[in-house]
Amino acid sequence: MDTSKKPVAGRDALGAVGAAPPPIPNQDSECVIRVNNLVKWFPIRSSFLQRTVANVRAVDGISFQIKRGQTMGLVGESGCGKSTAGRTLLRLMEKTAGEVWFEGQEIFSLSKEELRKLRPKMQIVFQDPYSSLSPRIPVSEIIGEAVREHEIVPKAEFDDYISYVMRACGLQEYHKDRFPHEFSGGQRQRICIARALALDPDFIVCDEPVSALDVSIQAQIINLLKNLQRDFGLTYLFISHDLSVVEHISDSVGVMYLGNMVEQGSTEEIFDHPLHPYTKALFSAIPVPDPDVKMNRTILQGSLPSPANPPKGCKFHTRCPDCMDICSAAAPEWAELAPGHFCACHLHNDAARTARTQENAERTKAEEHAKEEKAS
Ligand SMILES: Nc1ncnc2c1ncn2[C@@H]1O[C@H](COP(=O)(O)OP(=O)(O)OP(=O)(O)O)[C@@H](O)[C@H]1O
Ligand code: SF4
Ligand SMILES: [Mg+2]
């Protein structure tokens, strides 16, 4: 592990940029990861002839970037595509379209061997620490297996290195020979984090890393992740349902709805001035500890529509309390509404966007009309 990495501190800069992205330069030393219009659809095949009859549009064109040493929180309801985004951008599954630049390399253009070499630098920590650990392998081997495979340290230093990583993650080195079932949930998640850290990564996708843990243990794991970030200059994509945790750990936040990013900005900006009705609804559901505080809550109507057949126009229009006529006719543009604060909602259109939206809606209507006429 490169212990000479300088601690990285501060949440002064925004690590996220929006969808209609400019051409992405191949090299940007400030950003560890740049995602450009990433799309991941899962085909639904007919039982007869296995033809693709529809697609689950799990991720439908998202763009963002994360600066070195920073954390971007990714939030949204269950099923909105957070995990699929996290896994696709690590190339744990193949993309449908788009680009992912990691340390200046477009990861989908790499050969198998090039990707294998890059793997240690991009890691993932999953929600359930029990199912992601093999029950019959001792902890030293769980942490060390990939260290050996990728020759992270010379053989002679292997044991000391595993002890060092375990200590860094708050584990006792004399527990090396124990098996996962001999640990508590929090300790098991520390083992998962140690396994990722041992490969000397630059970037870790943390997919709901504390959701399966007790609240008291959650804080310990969050603090561990923050300390490791400070000590080793790690960059995180932090996926979570828990907005309080996201506020605590993230420098920037992206809000996803049905495969799309609907709002993005610095954590302060998003939490202090949310603009998108969906973000506002998510925030209004955060529990308030004081029972005397009266909340004007926005209750989201209905459930998440199917990503295989998303609503036309703004995908949120079927549930939006502020829905207007234009919302079902045209998708809103992604626009920077305040410095570094991006949002896609017709409520915030300026005159130029309104005109473009109207034009798009009319064109779509004309195309649909022509199609119907042709069909009849
Ligand atoms: N392998 C797959 N094949 C088909 N559909 C899938 C597959 N993986 C995910 N999906 C679908 O893609 C959509 C997004 O799933 P995903 O797991 O990314 O959501 P999520 O935001 O991580 O949800 P949660 O918060 O519950 O973890 C869902 O509709 C899901 O059913
Ligand atoms: S575009 Fe319309 S439906 Fe979509 S979030 Fe904004 S107001 Fe609501
Ligand atoms: Mg998930």
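Please refer to the structure higher up on the page.
Quick notes on the rules
- Residues numbered from 1 in each chain as written.
- Chains lettered and ligands numbered in written order.
- Predicted model: local features only at pLDDT ≥ 70, side-chain atom pairs only at ≥ 80, totals over all residues.
- Heavy atoms only, no water.
- Pairing = 2+ DSSP bridges.
- Helix = DSSP H or I, 4+ residues; strand = E, 2+ residues; numbered from the N terminus.
- Axes fitted to C-alpha atoms, helices over the stretch in contact; angles between N-to-C directions.
- Contact = heavy atoms within 4.5 Å.
- Near = heavy atom within 4 Å.
- Polar contact = N/O pair within 3.5 Å; in protein donor to acceptor, adjacent residues only side chain to side chain.
- Areas by Shrake-Rupley, 256 points an atom, 1.4 Å probe, with all protein chains shown as cover.
- Nonpolar A, V, L, I, M, F, W, Y, C, P; charged D, E, K, R; others polar.

### Points about the sheet that holds strand β12 (residues 341-343)
- Here eight strands make up an open sheet; going across it, the order is β6-β7-β8-β3-β9-β10-β12-β11 and the pairing mixed. Single-partner strands in this sheet number two, and they are β6 (122-125) and β11 (335-338). When strand polarity is set aside, the average angle formed by the axes of neighbouring strands in this sheet is 20°.
- Note that strand β9 (residues 252-257) and strand β10 (residues 260-266) share six bridges and pair antiparallel. Within the sheet, the bridge partner assigned to G254 lies in β10 and is Q264.
- Strands in contact with helix α6 (residues 215-232) are β3 (71-75), β7 (203-207) and β8 (235-239); relative to β8, the strand with the most contacts, it is inclined by about 155°.

### With respect to the site of ligand 1
- In the region of ligand 1, 14 residues are neighbours, and S78, G79, K82, S83 and T84 sit closest.
- Interatomic distance of 3.2 Å between a backbone N/O atom of C80 and an oxygen atom of ligand 1.
- Residue K82 places a side-chain N or O atom 2.8 Å away from an oxygen atom belonging to ligand 1.
- Contact with the protein chains hides 62% of the accessible area of ligand 1, taken as 640 Å² for the molecule alone.
- Where the shell around ligand 1 is concerned, the elements lending two or more residues are β2 (52-67) and α1 (82-89).
- Sort the elements by how many residues they give to the shell around ligand 1 and α1 lands first, with three residues.
- Residue composition of the shell around ligand 1, grouped by class: five nonpolar, six polar and three charged.

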